[in-house]
Amino acid sequence: MNDNWGKNRQKNMAVLRVTFALLGATAYIFHGEPSGSGVGAIAGTSPQNAVGDTQKLNHYTEKTYFPDVSPKNVTAIAGQSVVLRCQVKHPGERTVSWMRKRDLHILTSSIFTYTTDQRFAVIHPEASDDWDLEIEYVQQRDAGIYECQVNTEPKIHLAIMLNVQDAQAKIWGPEEVYVKKGSTISLTCTVNVQAAPPSSVLWYHAGVVIDFDGPRGGVSLVTEKSETGTTSKLLVTRAELSDSGNYSCVPKNAASASVVVHVLNGEHPAAMQHGGGCGITPKLLLALLTPFVGNMLR
């Protein structure tokens, strides 16, 4: 009887071991990820990971496009820097690059520059949609079409036209200025260079540099530099007949501009500069007098 009891006990112990083994396997399957439960736990993925995977999926499936916010026509001044804007929405793992259209040269790819011309660089703040192309010290040969491209299927691109103008000085007012003897000659010159304003602006009278400390006296210059460019104002007080002639504004890094000043020994109010304002040219004076002459001849 004791033998039968011992055999039954051994069988029961074997059954219990098999049962515990099955229970352990079941627990491993349903609780393989300690921090998860339910369906997510069965797959061995936490709810947080599932959300992240969903976000990644949406990130890849959202359409890549250029928002209509970048100017398509940009004008730069020679010698300055210019930035061509490009925004790309939902690029995912795709690559954004810049290409120069005239020679199909790839200038940048992602954040890397693929040209030996170090004036070119891409500006891409981390986690932003901006992929801007910066060109330093712009030259006339840089003018043309540039394309911001994304290697989608099919490829998408944004074309931007770059125009380059020479730096130019301009003297405000007519090309010929008339002033009364003894009054003040006032000439204002502006230079359209912003990023790299001219280090100096010289004034010439009859081809000779004006000496502000010379024996004549009464000559002064005021120069201001701002975001819109450089302004240089020449003042010649107590104008004399010898002050007549050609006056030129000559910036160091821009084309010059000239006007002709006439100092008159007498009263000619209609053709004179008043209080530093603009005078009336002979052509404009003739245009004003023509109707009156016509009426008198009728």
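Residues numbered from 1 in each chain as written. Predicted model: local features only at pLDDT ≥ 70, side-chain atom pairs only at ≥ 80, totals over all residues. Heavy atoms only, no water.

Chemist: Provide a residue-level description of unusual backbone geometry, including the pertinent values.
Modeler: Between Glu153 and the following residue, Pro154, the backbone shows a cis peptide bond with an omega angle of 0°. By secondary structure assignment, the location of Pro154 is in the loop between β8 (144-150) and β9 (156-165). Phi angles above zero are rare outside glycine, and Leu104 is one such case at about 55°. Within the secondary structure, Leu104 sits in the loop between β3 (96-100) and β4 (105-109). If you check the backbone angles, Tyr137 has positive phi at about 50° while not being a glycine. (Helix = DSSP H or I, 4+ residues; strand = E, 2+ residues; numbered from the N terminus.)

Chemist: Residue-level account of the packing of aromatic side chains, with values.
Modeler: Scanning all chains against the criterion turns up 0 aromatic pairs. Just above the ring of Trp172 sits the side chain of Lys170; from NZ or CZ to the centre is 4.0 Å. (Phe/Tyr/Trp six-rings, centres within 6.5 Å; stacked < 30°, edge-to-face > 60°. Lys NZ or Arg CZ within 6 Å of the ring centre and 35° of its normal.)

Chemist: Explain the sheet that holds β9 residue by residue, including any values.
Modeler: If you trace the 6 strands from one edge of the open sheet to the other, you get β1-β9-β8-β3-β4-β5, paired in mixed fashion. With one partner strand each, in any of the chains shown, β1 (73-77) and β5 (112-113) form the two edges of the open sheet. Looking at chain direction, β3 and β8 are connected through 5 bridges and run antiparallel. Its bridge partner being in β8, Trp98 is matched across the sheet by Cys148. (Pairing = 2+ DSSP bridges.)

Chemist: So what about the side chain of Asp243? Which residues, and what values?
Modeler: Turning to its location among the elements, Asp243 is positioned in the loop between β16 (229-236) and β17 (245-251). Look at Asp243 and you get buried, because its relative accessible area is 7%. Among residues more than four places away in sequence, those in contact with Asp243 are Ile185, His205, Arg216, Val236, Arg238 and Val263. (Buried < 20%, exposed > 50% of the residue type's maximum accessible area, 1.4 Å probe, protein only. Contact = heavy atoms within 4.5 Å.)

Chemist: Describe a nonpolar patch on the surface, and please don't skip the residues or the numbers.
Modeler: Taken together, the side chains of Ile106, Ile111, Phe112 and Tyr114 make up a nonpolar region of the molecular surface, amounting to roughly 400 Å² of accessible area. Along the chain, Tyr114 falls in the loop between β5 and β6 (120-123). (Patch = residues over 30% accessible without salt bridge, like charges linked within 9 Å, V, L, I, M, F, W, Y side chains within 5 Å. Areas by Shrake-Rupley, 256 points an atom, 1.4 Å probe, with all protein chains shown as cover. Salt bridge = Lys/Arg side-chain N within 4 Å of Asp/Glu carboxyl O.)

Chemist: Quick rundown of the confidence of the model for the protein chain? Include the residues and the values.
Modeler: The predicted coordinates of low-pLDDT regions are not to be read in fine detail. Here the protein chain shows a mean pLDDT of 78. Residues at 70 or above account for 67%. The low-confidence segment residues 25-45 (pLDDT under 50) makes 10 contacts with residues lying over four places distant or belonging to another chain. In this model, residues 274-281 is a region of pLDDT below 50 whose contacts with residues beyond four sequence positions or in other chains number 15 contacts. (pLDDT = per-residue confidence, 0-100.)

Chemist: Break down the sheet that holds strand β12 (residues 185-191) for me, citing the residues and quoting the values.
Modeler: Across the sheet, which stays open at both edges, the 4 strands sit in the order β10-β12-β16-β15 with antiparallel pairing between neighbours. Edge positions in the open sheet fall to β10 (169-171) and β15 (219-226), since each of these has one partner strand only. With strand direction ignored, the average angle separating the axes of adjacent strands in the sheet is 15°. Of the strand pairs in this sheet, β12 and β16 are connected by 7 bridges, and their pairing is antiparallel. In the strand pairing of β16, Thr188 is matched with Lys233. (Axes fitted to C-alpha atoms, helices over the stretch in contact; angles between N-to-C directions.)

Chemist: Describe the layout of surface pockets, and please don't skip the residues or the numbers.
Modeler: Quantified by volume, the largest pocket comes out at close to 250 Å³. A volume near 200 Å³ is recorded for the second largest pocket. Forming the boundary of the second largest pocket are 13 residues, of which Pro91, Gly92, His124, Ser128 and Trp131 lie nearest the centre. Of the residues contributing to the lining of the second largest pocket, the split by class is 5 nonpolar, 6 polar and 2 charged. (1 Å grid on protein atoms, 1.4 Å probe; cavity = no way out; pocket = protein on both sides within 12 Å on 5 of 7 lines; lining within 4 Å. Points joined across faces, edges and corners; volume = space filled by probe spheres on them. Nonpolar A, V, L, I, M, F, W, Y, C, P; charged D, E, K, R; others polar.)

Chemist: Report on the pattern of salt bridges, specifying residues and quantitative values.
Modeler: Within the structure shown, the criterion is met by 9 salt bridges. Arg100 is paired through a salt bridge with Asp103; the nearest N and O atoms lie 2.8 Å apart. On the basis of relative accessible area, Arg100 is assigned to the buried category, the value being 10%. Put simply, Arg119 and Asp117 hold a salt bridge, and the shortest N to O gap is 2.9 Å. The exposure class assigned to Arg119 is buried, which follows from its relative accessible area of 10%. Here the salt bridges share partners, and the residues they tie into one network are Arg100, Arg102 and Asp103.

Chemist: Can you explain the pairing of β3? Please cite residues and give values.
Modeler: Taken across its 5 residues, β3 has 5 buried, putting it largely inside the fold. Residue alternation in β3 divides its side chains into two sets, Val96, Trp98 and Arg100 and Ser97 and Met99, and both sets are buried. The sheet contact formed by β3 and β4 spans 4 bridges and is antiparallel. By the bridge assignment, Trp98 is partnered in β4 with Thr108. Following β3, the chain reverses through 4 residues before pairing antiparallel with β4; Leu104 in that reversal takes a positive phi of roughly 55°.

Chemist: Describe the state of the cysteines, with residues and values.
Modeler: Using the criterion set out here, one finds 2 disulfides in the structure. Two residues share a disulfide in this structure: Cys86 and Cys148, whose sulfurs sit 2.1 Å from each other. Between Cys86 and Cys148, the S-S torsion sits near -70°, and that sign places the bridge as left-handed. Of this pair, Cys86 sits in the loop between β2 (82-84) and β3 while Cys148 is found in strand β8, placing the two residues 62 residues apart along the sequence. This pair shows no difference in class: Cys86 is buried, exactly as Cys148 is. Paired by a disulfide, Cys189 and Cys249 hold their sulfur atoms 2.0 Å apart. Where Cys189 bonds to Cys249 through sulfur, the torsion about that S-S bond is close to -75°, and the disulfide is left-handed. Of this pair, Cys189 sits in strand β12 while Cys249 sits in strand β17, and the two are 60 residues apart along the sequence. For the pair Cys189 and Cys249, one class covers both residues: buried. (Disulfide = S-S within 2.5 Å.)

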